[in-house]
Amino acid sequence: MKLLFINGPNLNMLGIREPEIYGSKTYADLVEFINGFCKELGIEAEIFQSNHEGAIVDKIQEALGKFDGIVINPAAYTHTSVAILDAVKAVGLPTVEVHISDVSKREGFRQVSYIREACIATISGQGFEGYKTAALTLLKELNK
Ligand code: CA2
């Protein structure tokens, strides 16, 4: 099973500010956490982060034929990007949306998700653990 993990803008800044919202762990800690549970679960993982919408669209397109599913935290692009929504629809790979914070309890603009309609599930407010929940959701779906 090969999963692509995509992280959007500013997630590389985790742990540097706003620890009350995103925790005090860094992006390197997140990468270590994802690699750790993937090894445990026998998942082959690639982890990608970009601050650029087009780079994320390119990465989603390149996933076709290479990966079985996608876990994506589009960060701020969640709330703005039709291009990322269209890319996920175009490749048709099972995709789970994940957010570290509980976006449903935050500002109104964070409660809007363009990508959600193309995803099999949304995991929000579980911190880093949400990435594992997302991967397990994909495993279940792919083993059906
Ligand atoms: O909760 C999440 O995972 C988010 O996707 C994180 C995004 C935010 O724009 C979404 O609404 C919810 C932000 C990514 C990280 O932003 C930082 C801000 C300050 C300090 C460090 C990171």
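Cut-offs applied
- Residues numbered from 1 in each chain as written.
- Predicted model: local features only at pLDDT ≥ 70, side-chain atom pairs only at ≥ 80, totals over all residues.
- Heavy atoms only, no water.
- Helix = DSSP H or I, 4+ residues; strand = E, 2+ residues; numbered from the N terminus.
- Rg over C-alpha atoms; globule rule 2.2 N^0.38 Å.
- Buried < 20%, exposed > 50% of the residue type's maximum accessible area, 1.4 Å probe, protein only.
- Contact = heavy atoms within 4.5 Å.
- Lys, Arg positive; Asp, Glu negative; His and termini not counted.
- Charge placed at Lys NZ, Arg CZ, Asp CG, Glu CD.
- Patch = residues over 30% accessible without salt bridge, like charges linked within 9 Å, V, L, I, M, F, W, Y side chains within 5 Å.
- Areas by Shrake-Rupley, 256 points an atom, 1.4 Å probe, with all protein chains shown as cover.
- Salt bridge = Lys/Arg side-chain N within 4 Å of Asp/Glu carboxyl O.
- Phe/Tyr/Trp six-rings, centres within 6.5 Å; stacked < 30°, edge-to-face > 60°.
- Lys NZ or Arg CZ within 6 Å of the ring centre and 35° of its normal.

Caption draft 1: Spotlight on the overall build of the chain. Within the chain, the secondary structure is distributed over five helices and five strands. Each helix and strand of the chain, ordered N terminal to C terminal, gives the series β-α-α-β-α-β-α-β-β-α. In terms of overall size, the chain behaves like a compact globule, its C-alpha atoms giving a radius of gyration of 14 Å where 144 residues would be expected to give roughly 15 Å. In the chain, which comprises 144 residues, the proportion classed as buried is 45%. The long-range fraction of contacts in the chain, counting pairs at least 24 apart against all pairs at least 6 apart in sequence, stands at 76%. Between the averaged position of the 14 positive side-chain charges in the chain and that of its 18 negative side-chain charges there is a distance of 3 Å.

Caption draft 2: Quick look at a nonpolar patch on the surface. Judged by side-chain polarity, Val82, Val112 and Tyr114 come together as a nonpolar surface patch covering roughly 230 Å² of accessible area. Mapped onto the elements, Val112 comes out in the loop between strand S4 (95–99) and strand S5 (121–124). Residue Val112 is classed as partly exposed on the basis of its relative accessible area, which comes to 41%.

Caption draft 3: How the structure looks around the packing of aromatic side chains. In this structure the tally under the stated criterion is three aromatic pairs. Seen from their ring centres, Phe5 and Phe37 are 6.1 Å apart, and the 70 degrees between their planes marks the pair as edge-to-face. Of the two residues, Phe5 sits in strand S1 (residues 2–7) while Phe37 sits in helix H2 (residues 27–41), which places them 32 residues apart along the sequence. Comparing Phe5 with Phe37, the two get one shared label, buried. Taken together, a centroid distance of 5.3 Å and an interplanar angle of 65 degrees make the contact between Phe33 and Phe37 edge-to-face. Highlighted residues: Phe33 and Phe37, both in helix H2, separated by four residues, approximately one helical turn. Accessibility expressed as a relative area gives 26% for Phe33, which makes it partly exposed. Cluster of aromatic residues (ring-pair linked, three or more members): Phe5, Phe33, Phe37 and Phe128. Its end group placed over the ring of Phe67, Lys2 keeps NZ or CZ at 5.2 Å from the ring centre.

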